[in-house]
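Tertiary structure, described
One letter stands for each residue in the lines below.
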Amino acid sequence: QSIENLIRFLVENNYDQAVSPKILHRPTGKDFENVVTFLFGLLDPNGKRSGKFADDVTTMFKGLKYPFNISKTALAAVGSPHTWPALLASLTWLVELLEYDERAGLSVEDYSDLSSEEQDSDKQFFVYLK
(Lines give C-alpha, C1' and ligand atoms only; values in the text may rest on other atoms or scores of the structure.)
Protein backbone atom coordinates (compact mmCIF):
# COMPACT_ATOMS: atom_id res chain seq x y z
CA GLN A 1 0.00 0.00 0.00
CA SER A 2 2.87 2.40 0.68
CA ILE A 3 4.14 1.90 -2.85
CA GLU A 4 0.67 2.54 -4.29
CA ASN A 5 0.28 5.74 -2.25
CA LEU A 6 3.72 6.92 -3.29
CA ILE A 7 2.96 6.28 -6.97
CA ARG A 8 -0.39 8.07 -6.68
CA PHE A 9 1.25 11.10 -5.09
CA LEU A 10 4.05 11.22 -7.65
CA VAL A 11 1.64 10.97 -10.59
CA GLU A 12 -0.72 13.60 -9.12
CA ASN A 13 2.21 15.98 -8.74
CA ASN A 14 3.58 15.46 -12.27
CA TYR A 15 6.63 13.35 -11.48
CA ASP A 16 8.56 13.28 -14.77
CA GLN A 17 10.30 9.89 -14.45
CA ALA A 18 9.00 6.38 -15.06
CA VAL A 19 7.34 4.97 -11.96
CA SER A 20 5.58 1.66 -11.39
CA PRO A 21 5.09 -0.92 -8.65
CA LYS A 22 7.83 -3.00 -10.29
CA ILE A 23 10.32 -0.14 -10.17
CA LEU A 24 9.47 0.74 -6.57
CA HIS A 25 9.46 -2.84 -5.36
CA ARG A 26 13.26 -2.96 -5.73
CA PRO A 27 14.43 0.49 -6.78
CA THR A 28 17.90 1.33 -7.91
CA GLY A 29 19.86 4.04 -6.17
CA LYS A 30 19.09 6.35 -9.10
CA ASP A 31 15.33 5.65 -8.86
CA PHE A 32 15.42 6.51 -5.17
CA GLU A 33 17.51 9.62 -5.78
CA ASN A 34 15.06 10.83 -8.44
CA VAL A 35 12.04 10.34 -6.16
CA VAL A 36 13.69 11.97 -3.14
CA THR A 37 14.97 14.90 -5.19
CA PHE A 38 11.48 15.42 -6.60
CA LEU A 39 9.83 15.28 -3.16
CA PHE A 40 12.39 17.61 -1.60
CA GLY A 41 11.83 19.97 -4.55
CA LEU A 42 8.11 20.07 -3.74
CA LEU A 43 8.90 20.79 -0.13
CA ASP A 44 11.50 23.47 -0.81
CA PRO A 45 11.82 24.50 -4.47
CA ASN A 46 14.69 26.87 -3.67
CA GLY A 47 16.54 24.47 -1.37
CA LYS A 48 20.29 24.40 -1.67
CA ARG A 49 21.93 21.04 -2.23
CA SER A 50 25.51 20.24 -1.28
CA GLY A 51 26.05 17.99 -4.25
CA LYS A 52 26.44 14.87 -2.12
CA PHE A 53 23.12 13.08 -2.25
CA ALA A 54 23.60 11.01 0.94
CA ASP A 55 24.57 14.10 2.93
CA ASP A 56 21.59 16.03 1.58
CA VAL A 57 19.14 13.25 2.43
CA THR A 58 20.35 12.76 5.99
CA THR A 59 20.50 16.52 6.60
CA MET A 60 17.06 17.16 5.13
CA PHE A 61 15.33 14.40 7.08
CA LYS A 62 17.04 15.50 10.31
CA GLY A 63 15.94 19.07 9.61
CA LEU A 64 12.37 17.88 9.11
CA LYS A 65 12.54 16.05 12.46
CA TYR A 66 12.09 12.62 10.88
CA PRO A 67 11.93 10.33 13.94
CA PHE A 68 14.40 7.73 12.66
CA ASN A 69 17.99 7.81 11.50
CA ILE A 70 18.69 7.30 7.81
CA SER A 71 22.20 5.98 7.44
CA LYS A 72 24.46 6.61 4.50
CA THR A 73 25.00 2.85 4.38
CA ALA A 74 21.29 2.32 3.74
CA LEU A 75 21.40 4.94 0.98
CA ALA A 76 24.23 3.00 -0.69
CA ALA A 77 22.08 -0.16 -0.88
CA VAL A 78 18.60 1.27 -1.47
CA GLY A 79 16.85 -1.73 -3.02
CA SER A 80 18.17 -4.39 -0.70
CA PRO A 81 15.56 -6.30 1.32
CA HIS A 82 16.90 -5.10 4.67
CA THR A 83 17.10 -1.39 3.82
CA TRP A 84 14.25 -0.71 1.39
CA PRO A 85 11.35 -1.07 3.89
CA ALA A 86 12.82 1.62 6.16
CA LEU A 87 13.57 3.92 3.23
CA LEU A 88 10.08 3.39 1.82
CA ALA A 89 8.70 4.32 5.24
CA SER A 90 10.70 7.56 5.12
CA LEU A 91 9.26 8.38 1.69
CA THR A 92 5.75 7.61 2.95
CA TRP A 93 6.34 9.94 5.90
CA LEU A 94 7.59 12.66 3.55
CA VAL A 95 4.54 12.27 1.28
CA GLU A 96 2.24 12.55 4.31
CA LEU A 97 4.08 15.70 5.35
CA LEU A 98 3.64 17.19 1.87
CA GLU A 99 -0.06 16.26 1.83
CA TYR A 100 -0.51 17.86 5.24
CA ASP A 101 1.26 20.98 4.04
CA GLU A 102 -1.00 21.14 1.00
CA ARG A 103 -4.16 20.76 3.06
CA ALA A 104 -3.02 23.21 5.71
CA GLY A 105 -2.63 25.78 2.95
CA LEU A 106 -6.24 25.42 1.82
CA SER A 107 -8.61 28.18 2.70
CA VAL A 108 -11.86 27.34 4.48
CA GLU A 109 -13.73 27.71 1.17
CA ASP A 110 -11.52 25.08 -0.44
CA TYR A 111 -13.03 22.44 1.82
CA SER A 112 -16.26 22.33 -0.17
CA ASP A 113 -14.84 19.67 -2.51
CA LEU A 114 -13.85 17.30 0.32
CA SER A 115 -16.17 14.56 1.52
CA SER A 116 -18.36 15.52 4.46
CA GLU A 117 -16.38 13.25 6.78
CA GLU A 118 -13.11 14.87 5.74
CA GLN A 119 -14.67 18.31 6.00
CA ASP A 120 -15.82 17.79 9.56
CA SER A 121 -12.53 16.64 11.02
CA ASP A 122 -10.05 18.47 8.79
CA LYS A 123 -11.90 21.78 8.68
CA GLN A 124 -12.13 22.01 12.44
CA PHE A 125 -8.48 21.09 12.87
CA PHE A 126 -7.09 23.47 10.27
CA VAL A 127 -9.31 26.36 11.32
CA TYR A 128 -8.01 25.79 14.84
CA LEU A 129 -4.40 25.95 13.55
CA LYS A 130 -4.96 29.26 11.79
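Below, the discussion takes up the packing of helix H1 (residues 2-12) against helix H3 (residues 29-43). Packing of H1 against H3 brings their axes to within 12 Å, and their N-to-C directions diverge by 60°. In terms of orientation, H1 and H3 fall into the oblique class. The hand of the H1/H3 crossing is left-handed. Side by side, H1 and H3 meet where Leu 6, Phe 9 and Leu 10 of the first sit next to Val 35, Phe 38, Leu 39 and Leu 42 of the second.

As a further point, take the environment of Ser 90. Looking at the secondary structure, you find Ser 90 in helix H6 (residues 84-104). Ser 90 sits 20 residues away from Ile 70 along the chain, and the two C-alpha atoms are 8.4 Å apart. The contacts of Ser 90, once residues within four sequence positions are left out, are Phe 61, Tyr 66 and Ile 70.

Glancing now at the packing of H3 against H6. Direction vectors running N to C along H3 and H6 enclose 20°, while the axes themselves pass 10 Å from each other. When the axes of H3 and H6 are compared, the pair comes out roughly parallel. You can see that H3 and H6 cross each other, and the crossing is left-handed. Only Trp 84, Leu 87, Leu 91, Leu 94, Val 95, Leu 97 and Leu 98 of H6 make contact with H3, whose side of the interface consists of Phe 32, Val 35, Val 36, Leu 39, Phe 40, Leu 42 and Leu 43.

Moving on, we come to helix H4 (residues 53-63). What H4 keeps buried is the set Phe 53, Asp 56, Val 57, Thr 58, Met 60 and Phe 61. In the core, the buried residues of H4 are packed alongside H3, helix H5 (72-76) and H6. A positive phi of about 65° marks Lys 65, the residue just after H4.

Its boundaries defined by the atoms lining it, the largest pocket holds a volume of some 160 Å³. Lining the largest pocket are Phe 9, Glu 12, Asn 13, Glu 99, Glu 102 and Arg 103. Listed by contribution, the elements that provide at least two residues to the lining of the largest pocket are H1 and H6. For the lining of the largest pocket, the element with the most residues is H6, which contributes 3 residues. In terms of residue class, the lining of the largest pocket is built from 1 nonpolar, 1 polar and 4 charged.

Notably, Asn 14 is not glycine yet its phi reads approximately 65°, a positive angle. Along the chain, Asn 14 falls in the loop between H1 and helix H2 (21-25). Even without a glycine there, the phi angle at Lys 65 is positive, about 65°. With respect to the secondary-structure elements, Lys 65 resides in the loop between H4 and H5.

This part takes up the pattern of salt bridges. Scanning the model with the defined rule gives 3 salt bridges in all. As a salt-bridge pair, Arg 8 and Glu 12 come within 3.1 Å of each other at their nearest N and O atoms. Here Glu 12 and Arg 8 lie together in helix H1, a separation of 4 residues that amounts to about one turn. Of the residues examined, Glu 12 reaches a relative accessible area of 52% and is grouped as exposed. Notably, a salt bridge pairs Glu 99 with Arg 8, separated by 2.8 Å at the nearest N-O pair. Separated by 91 residues along the polypeptide, Glu 99 in helix H6 and Arg 8 in helix H1 bring together distant segments of the chain. Residue Glu 99 is classed as partly exposed on the basis of its relative accessible area of 25%. A cluster of three or more residues bridged by salt bridges with shared partners is formed by Arg 8, Glu 12 and Glu 99.

So, how was this worked out
In this convention, every chain numbers its residues from 1, walking through the sequence in written order. Local features in this predicted model are restricted to residues of pLDDT 70 or higher, and side-chain atom pairs are both shown and tallied only at a pLDDT of 80 or more, whereas totals for entire chains, interfaces and linings draw on every residue. Computation of side-chain values covers all heavy atoms of the structure but excludes hydrogens and water. Helix axes are fitted to C-alpha atoms over the stretch in contact, other axes to C-alpha atoms as well, and angles between N-to-C directions run from 0 to 180 degrees. A run of H or I in DSSP counts as a helix once it spans at least four residues, and a run of E counts as a strand once it spans at least two, with each numbered from the N terminus. In what follows, roughly perpendicular refers to angles from 65 to 115 degrees, roughly parallel to angles under 35, roughly antiparallel to angles over 145, and oblique to any angle outside these ranges. Helix crossings get a hand from a simple test, with the near helix turned counterclockwise from the far one by less than a right angle marking a left-handed crossing and a clockwise turn marking a right-handed one. Contact criterion: two residues are considered in contact whenever any of their non-hydrogen atoms come within 4.5 Å of each other. Remark: exposure states derive from per-residue accessible area (1.4 Å probe, protein chains only) relative to the maximum for the residue type, with buried under 20%, exposed over 50%, and partly exposed in between. The rule is simple: put a 1 Å grid over the protein atoms alone, call a set of points where a 1.4 Å probe fits but cannot get out a cavity, call an open set with protein on both sides within 12 Å along at least five of seven lines a pocket, and count a residue as lining if it has an atom within 4 Å of a point. Grid points are joined across faces, edges and corners, and a volume is the space filled by probe spheres set on the points. All amino acids are sorted into three groups, where Ala, Val, Leu, Ile, Met, Phe, Trp, Tyr, Cys and Pro are nonpolar, Asp, Glu, Lys and Arg are charged, and the leftover types, Gly among them, are polar. For this analysis, a salt bridge means a side-chain nitrogen from Lys or Arg found within 4 Å of a carboxyl oxygen belonging to Asp or Glu.

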